[in-house]
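Architecture and fold: a report
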Amino acid sequence: MARCLRRVGAAVWRLFDGRSLARHGPLARRRSWAPIDAAAGDAAHRFRAAVCQYGLTEADLRRRHRYEAVRCYVLLGGALFAASFGATSAYLTFGGARAILAILLALWFVAGAAGGALRAWQIRQRRLCAFGEWAKTPAAWLPPFFS
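Thresholds, definitions, all that
- Residues numbered from 1 in each chain as written.
- Predicted model: local features only at pLDDT ≥ 70, side-chain atom pairs only at ≥ 80, totals over all residues.
- Heavy atoms only, no water.
- Helix = DSSP H or I, 4+ residues; strand = E, 2+ residues; numbered from the N terminus.
- Buried < 20%, exposed > 50% of the residue type's maximum accessible area, 1.4 Å probe, protein only.
- Contact = heavy atoms within 4.5 Å.
- Phe/Tyr/Trp six-rings, centres within 6.5 Å; stacked < 30°, edge-to-face > 60°.
- Lys NZ or Arg CZ within 6 Å of the ring centre and 35° of its normal.
- Axes fitted to C-alpha atoms, helices over the stretch in contact; angles between N-to-C directions.
- Parallel < 35°, antiparallel > 145°, perpendicular 65-115°, else oblique.
- Nonpolar A, V, L, I, M, F, W, Y, C, P; charged D, E, K, R; others polar.
- pLDDT = per-residue confidence, 0-100.
- Patch = residues over 30% accessible without salt bridge, like charges linked within 9 Å, V, L, I, M, F, W, Y side chains within 5 Å.
- Areas by Shrake-Rupley, 256 points an atom, 1.4 Å probe, with all protein chains shown as cover.
- Salt bridge = Lys/Arg side-chain N within 4 Å of Asp/Glu carboxyl O.
- Core = buried A, V, L, I, M, F, W, Y, C linked by side-chain atoms within 4.5 Å.
- Polar contact = N/O pair within 3.5 Å; in protein donor to acceptor, adjacent residues only side chain to side chain.

**What to know about the overall build of the chain**
Along the chain, the regular secondary structure elements total 6 helices and 0 strands. Going from N to C terminus, the chain has its helices and strands arranged as α-α-α-α-α-α. Every one of the 147 residues in the chain was classed for burial, and the buried ones make up 29%. Taking the intrachain contacts of the chain between residues at least 6 apart in sequence as the baseline, contacts between residues at least 24 apart amount to 56%.

Right, here's the structure in full:
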């Protein structure tokens, strides 16, 4: 039972962009790397430099894109659930003040989904662009699962 709870807890932790303790803890192998020069080149150059720095392959990028797309949709589903069921039940049970907390929870889920959609869009475009550029492109707000 404890093993099952630990596995589920780790999956939920990673869903909200937590780091795996096995890969990022004190026992993880350290990789020596030089920081990316953010001022040099355009967004595509910075993306290529980051891919080279972390040693990612095309398969790694496809896997990461699928992960971020699924994460975006799961968090949007959580936002929809928190906004609809959570706010309704809180309003009917406790009043309007507690219903606002459910709406704030939904906004937290939406913010996480936006981060996942931004990362998926950056991988799909092969450019490290800013949040503002992503926000000005409404077609990029919901990432496709396969590209």
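**Considering the packing of aromatic side chains**
Under the definition given, this model contains 4 aromatic pairs. Cation over ring: Arg98 sits above Phe94, and NZ or CZ is 5.0 Å from the ring centre.

**Brief notes about the packing of helix 4 (residues 58-94) against helix 5 (residues 96-125)**
Look at helix 4 against helix 5: their axes get within 8 Å of each other, and the N-to-C directions meet at 170 degrees. By the angle between their axes, helix 4 is roughly antiparallel relative to helix 5. Split into classes, the residues belonging to the contact of helix 4 with helix 5 amount to 23 nonpolar, 7 polar and 6 charged.

**Section: the confidence of the model for the chain**
Do not read the predicted coordinates in detail wherever pLDDT is low. When pLDDT is averaged along the chain, the result is 79, and 72% of the positions lie at 70 or above. Predicted confidence is poor over residues 20-30, with pLDDT under 50, and the contacts of this stretch with residues over four places away or in other chains come to 7 contacts.

**Some remarks on unusual backbone geometry**
With a phi angle near 60 degrees, Arg126 is a residue other than glycine that sits in the positive phi range. Classification of Arg126 as partly exposed rests on a relative accessible area of 31%.

**Concerning a nonpolar patch on the surface**
A surface patch of nonpolar side chains, about 480 Å² in accessible area, is lined by Ile100, Leu101, Ile103, Leu104 and Leu107. Structurally, the position occupied by Leu107 is in helix 5.

**Here's the deal with the pattern of salt bridges**
Throughout the structure, instances matching the rule amount to 6 salt bridges. Note that Glu68 and Arg64 form a salt bridge whose closest N and O atoms lie 2.7 Å from each other. In this pair, Glu68 and Arg64 both sit in helix 4, 4 residues apart, roughly one turn of the helix. By relative accessible area, Arg64 is classed as partly exposed at 34%. Across the pair Arg119 and Glu68 runs a salt bridge, and its minimum N-O distance is 3.3 Å. Of the two residues, Arg119 sits in helix 5 while Glu68 sits in helix 4, which places them 51 residues apart along the sequence.

**Thoughts on the nonpolar core**
Counting 15 residues, the largest nonpolar core has Trp121 and Trp134 as the members making the most contacts within it. Among the elements that make up this core, the one with the highest residue count is helix 5 (7 residues).

**A closer look at the side chain of Glu68**
Judged by relative accessible area, Glu68 falls into the buried class, the value being 0%. Once residues within four sequence positions are removed from consideration, Glu68 is found in contact with Gly116, Arg119 and Ala120.

**A few points about the environment of Ser84**
Here Ser84 shows up in helix 4. Residue class for Ser84 comes out partly exposed when judged on its relative accessible area of 36%. A C-alpha to C-alpha distance of 8.8 Å links Ser84 and Ile103, two positions 19 residues apart in sequence. A distance of 2.8 Å separates the side chain of Ser84 from the backbone oxygen of Leu80, its partner in a polar contact.

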